[in-house]
Amino acid sequence: MPPLMKLILSRLALAAVTLLAVSALMFVGIELLPGDLAQQILGQSATPETLAAFRAELGLDQPAHLRYLDWLAAAAQGDFGNSMASHRPVADLLSTRLANTMFLACYAAVIAVPMAILLGLLSALWRNSLFDRSVNVGALGAISMPEFFVAYLLVLFLSIRLGWFPTLARIDEAASFGDALYRSFLPALTLILVVIAHMMRMTRAAIINLLAAPYIEMARLKGVPRWRVIVLHALPNALAPIINVVALNLAYLIVGVVVVEVVFSYPGLGQLLVDAVASRDFPVVQAVGLFFAGTYITLNVLADILSILSNPRLRHAR
């Protein structure tokens with residue numbers, strides 16, 4: 001087997017083991033929660049016979065390890081059980097909310113990724129200029145503010161005072177594509193401001209780090225234009241760290257939207273997770289948590305593999 005293929009398979013195997021460990025931790029965490037789930041759902045007036053029958057229906061009378069293995073086997077087939085709150089299949093709830101979350105993540109990523117890389121390249125090209133300093137100040141300001149504070153500032157100025165966008169980003173199946181873009185602009189802008197600073201600063205730092213390399217100096221001495229040196233000679237060798245930070249921020253756009261979705265009442269997975277936690281709807285909590293963990297691990301492994309492919313030096317131990 002080629003060494004590169006062996007390396008990729010080892011990364012995939014490590015990702016599978018990590019996801020399995022995360023699923024076990026989530027199950028153990030839910031098991032350790034205080035209180036009797038059946039008693040809480042049925043209330044204090046439930047008889048012992050009713051409680052026993054309800055525990056048997058939920059499988060709570062089985063040992064924890066057997067319930068975990070049953071849940072894991074069913075989850076591997078896409079069956080996460082039924083919601084305790086709505087009694088609907090969890091897979092149906094996830095499919096609807098997942099589409100909304102992916103729409104919001106793609107909306108933010110399409111704008112944030114190209115803009116962050118472009119700003120990083122321009123900051124490196126005009127290093128220590130007024131443009132560079134202004135972009136860095138803006139990036140530091142965006143990083144230092146928590147996302148909910150950014151969201152409330154946008155609501156205050158763009159929604160309440162100027163009235164340009166709706167305060168709540170409620171979208172449904174009847175909304176057209178343009179209407180969905182308009183209603184979800186504020187949550188998308190919040191995510192853009194949060195993630196763009198990380199990607200821009202990493203792009204700038206990776207490019208500047210390479211500008212002192214001997215081959216870059218040689219290109220300058222040969223009279224190659226500065227923008228051409230950065231785009232054609234520095235950028236390809238800086239792809240590994242840029243890919244990593246882009247992948248991490250793409251993962252954040254999908255799994256880190258809980259606060260933003262709650263602020264704007266956006267009907268995505270984050271809002272579903274918060275509602276499920278409030279109602280102790282454990283099948284939904286487990287399913288959403290497993291999806292978030294799987295997405296984060298998958299994007300990290302993808303970034304790792306792309307970094308290895310873009311930089312041959314990472315294929316060797318030394």
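About the criteria used
Residues numbered from 1 in each chain as written. Predicted model: local features only at pLDDT ≥ 70, side-chain atom pairs only at ≥ 80, totals over all residues. Heavy atoms only, no water. UniProt positions renumbered as here; feature names shortened; annotations may be inferred. Helix = DSSP H or I, 4+ residues; strand = E, 2+ residues; numbered from the N terminus. Phe/Tyr/Trp six-rings, centres within 6.5 Å; stacked < 30°, edge-to-face > 60°. Buried < 20%, exposed > 50% of the residue type's maximum accessible area, 1.4 Å probe, protein only. 1 Å grid on protein atoms, 1.4 Å probe; cavity = no way out; pocket = protein on both sides within 12 Å on 5 of 7 lines; lining within 4 Å. Points joined across faces, edges and corners; volume = space filled by probe spheres on them. Nonpolar A, V, L, I, M, F, W, Y, C, P; charged D, E, K, R; others polar.

(A) The UniProt feature "domain: ABC transmembrane type-1" (unreviewed entry) in the protein, seen in detail. Under the UniProt annotation, "domain: ABC transmembrane type-1" (unreviewed entry) lies at residues 98-303. Helix makes up 81% of residues 98-303 and strand 0%, whereas the separation of the span's terminal C-alpha atoms amounts to 22 Å.

(B) Geometry of the packing of aromatic side chains. Within this structure, the stated rule accounts for 8 aromatic pairs. Taking the centre distance of 5.5 Å and the plane angle of 90° together, the rings of Trp126 and Phe131 count as edge-to-face. Judged by relative accessible area, which is 43%, Trp126 ranks as partly exposed. Given a relative accessible area of 29%, Phe131 falls into the partly exposed group. Judged by centre distance (5.6 Å) and plane angle (40°), the rings of Phe165 and Tyr182 are tilted. Within this pair, whereas Phe165 is found in the loop between α7 (147-161) and α8 (177-183), its partner Tyr182 is found in helix α8, the two being separated by 17 residues in sequence. Look at Phe165 and you get buried, because its relative accessible area is 19%.

(C) Seen up close, the UniProt feature "transmembrane region" (unreviewed entry) in the protein. Sites flagged by UniProt as "transmembrane region" (unreviewed entry) map to residues 12-30, 102-125, 137-160, 180-200, 238-264 and 284-309. Strand forms 0% of residues 137-160 and helix 92%; the C-alpha atoms that close the span are 27 Å apart. As a span, residues 180-200 carries 95% helix and 0% strand, and end to end its C-alpha atoms are 28 Å apart.

(D) Region of the structure containing the layout of surface pockets. There is about 860 Å³ of room inside the largest pocket. What lines the largest pocket is a set of 29 residues, and nearest its centre among them are Leu37, Leu58, Leu60, Met84 and Pro283. For the lining of the largest pocket, the secondary-structure elements that each account for two or more residues are α1 (3-31), α2 (37-42), α3 (48-58), α4 (64-76) and α15 (282-310). Per element, the largest residue contribution to the lining of the largest pocket is 4 residues, and it comes from α4. The residue inventory of the lining of the largest pocket, partitioned by class, reads 15 nonpolar, 7 polar and 7 charged.

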